Amino acid sequence: AQSVTQPDIHITVSEGASLELRCNYSYGATPYLFWYVQSPGQGLQLLLKYFSGDTLVQGIKGFEAEFKRSQSSFNLRKPSVHWSDAAEYFCAVGSQSNKLTFGGGTRVLVKP
Amino acid sequence: DTGVSQNPRHKITKRGQNVTFRCDPISEHNRLYWYRQTLGQGPEFLTYFQNEAQLEKSRLLSDRFSAERPKGSFSTLEIQRTEQGDSAMYLCASSLMGPNEKLFFGSGTQLSVL
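Per chain, the residues get numbers from 1 upward, laid out in the order the sequence is written. Chains carry letters from A onward and ligands carry numbers from 1 onward, assigned in written order. Local features in this predicted model are restricted to residues whose pLDDT is 70 or higher, and side-chain atom pairs enter the listing and the counts only when it is 80 or higher, whereas totals over whole chains, interfaces and linings include all residues. Processing note: side-chain calculations cover all non-hydrogen atoms of the structure and skip hydrogens and water entirely.

Chemist: Any details on the interface of chain B and chain A? Residues and values, ideally.
Modeler: In this description, contact between two residues means that some pair of their heavy atoms is separated by no more than 4.5 Å. Chain B puts 22 residues into the contact, and the matching count from chain A is 17 residues. Here chain B meets chain A over a buried area of about 1,500 Å², counting both sides, of which 49% is carbon and sulfur. Salt bridge criterion: a side-chain nitrogen from Lys or Arg within 4 Å of a carboxyl oxygen from Asp or Glu. Taken together, chain B and chain A are joined by one salt bridge. The shortest N-O distance in the salt bridge between K99 of chain A and E56 of chain B comes to 2.6 Å. By buried area we mean how much accessible surface two parts lose on assembly, using a 1.4 Å probe and totalling the loss over both.

Following this line, the structure appears as structure tokens:
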């Protein structure tokens, strides 16, 4: 069975500092991996997606993620956080049909 | 492109009542998904349609839940004899099948069962 673990429930970061969100997955085949962001009252928005190719994936809003098969990880990073990045972030794994299994999410708080 | 639209935004009901939610996908999208999200958790897959055909249902979807997409456009999700455990955010997403398939989510319907 596929599963996703996001070990950090909350992360607080100062504006301008770097951010890294951890994601570990379990999947039987070659996974599709995703990061979504959810702001209050908003729908989930796709930040980036990985299936094959370069293991460092660039996304929207200055985010990137690195796929490490040996560690079953797909961590999300941003070099310099803006106050508008405060939101909940979800890692997900799935098949091509987009039937996704999501992690429990990491809530990011940004300090001024 | 108006995005994925879900109605109502909020629904409060008493235990035992039936409720129905509607999802209007992005117009050219042929796939439609329903997910459920409880407080503090990530979304959980419930079911999905390709055009009007319901291709997969999660074991989470008990017999009290039924989803339809009669003309391959909008979809409804009905919950019969609601229980307090049904309280959650119900999310709809749509996509266009293809190599660069991407899910677009609606803002959800928040259900509270009293």
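Chemist: Got a sec to walk through the nonpolar core? Specific residues and values, please.
Modeler: If you look at the biggest cluster of nonpolar residues, it comprises 26 residues, and the most contacted ones within it are W35, L48, F74, L76 and Y89 of chain A. The secondary structure listing takes helices from DSSP runs of H or I that are at least 4 residues long and strands from runs of E that are at least 2 residues long, numbered from the N terminus. Looking at this core, the elements with two or more residues in it are strand 2 (10-14), strand 3 (19-21), strand 5 (32-38), strand 6 (45-50), strand 8 (64-68), strand 9 (73-78), strand 10 (87-94) and strand 12 (106-111) of chain A. Counting residues per element, this core draws most heavily on strand 10 of chain A, at four residues. When residues no more than four places from it in sequence are discounted, the contact partners of L48 of chain A are L33, F34, W35, V57, Q58, G59, F63, E64, A65, F74 and L76 of chain A. With 19 residues, the next largest nonpolar core counts V4, L46, A67 and L111 of chain B among its residues. Among buried residues, the Ala, Val, Leu, Ile, Met, Phe, Trp, Tyr and Cys ones that are joined through side-chain atoms within 4.5 Å form a nonpolar core. Only protein chains enter the accessibility calculation, which uses a 1.4 Å probe; a residue whose area is less than 20% of its type maximum is buried, one above 50% is exposed, and one in between is partly exposed.

Chemist: Before we move on, could you go through the packing of aromatic side chains and cite the residues and values that matter?
Modeler: Ring pairs are drawn from Phe, Tyr and Trp, using the six-membered ring of Trp, whenever the two centres fall within 6.5 Å, and their geometry is named by plane angle: stacked under 30 degrees, edge-to-face over 60, tilted for the rest. Within this structure, the stated rule accounts for 17 aromatic pairs over all chains. Measuring from ring centre to ring centre gives 6.3 Å for Y50 of chain A and F74 of chain A, while their planes differ by 40°; the resulting arrangement is tilted. Here Y50 of chain A, found in strand 6, pairs with F74 of chain A, found in strand 9; they are 24 residues apart in sequence, far enough to count as distant. For Y50 of chain A, a relative accessible area of 6% puts it in the buried group. Here F63 of chain A and Y89 of chain A contribute two aromatic rings whose centre-to-centre distance is 5.6 Å and whose plane-to-plane angle is 50°, an arrangement assigned as tilted. Of this pair, F63 of chain A sits in the loop between strand 7 (56-58) and strand 8 while Y89 of chain A sits in strand 10, and the two are 26 residues apart along the sequence. By the burial criterion, F63 of chain A is buried, and Y89 of chain A matches it. These aromatic residues form a ring-pair network of at least three members: F34, Y36, F90 and F102 of chain A together with Y33, Y35, F45, Y48 and F105 of chain B. Two thresholds decide whether a charge sits over a ring: the Lys NZ or Arg CZ must be within 6 Å of the ring centre and within 35 degrees of the ring normal. Between R22 of chain B and the ring centre of F74 of chain B, over which it is positioned, the NZ or CZ distance is 3.9 Å.

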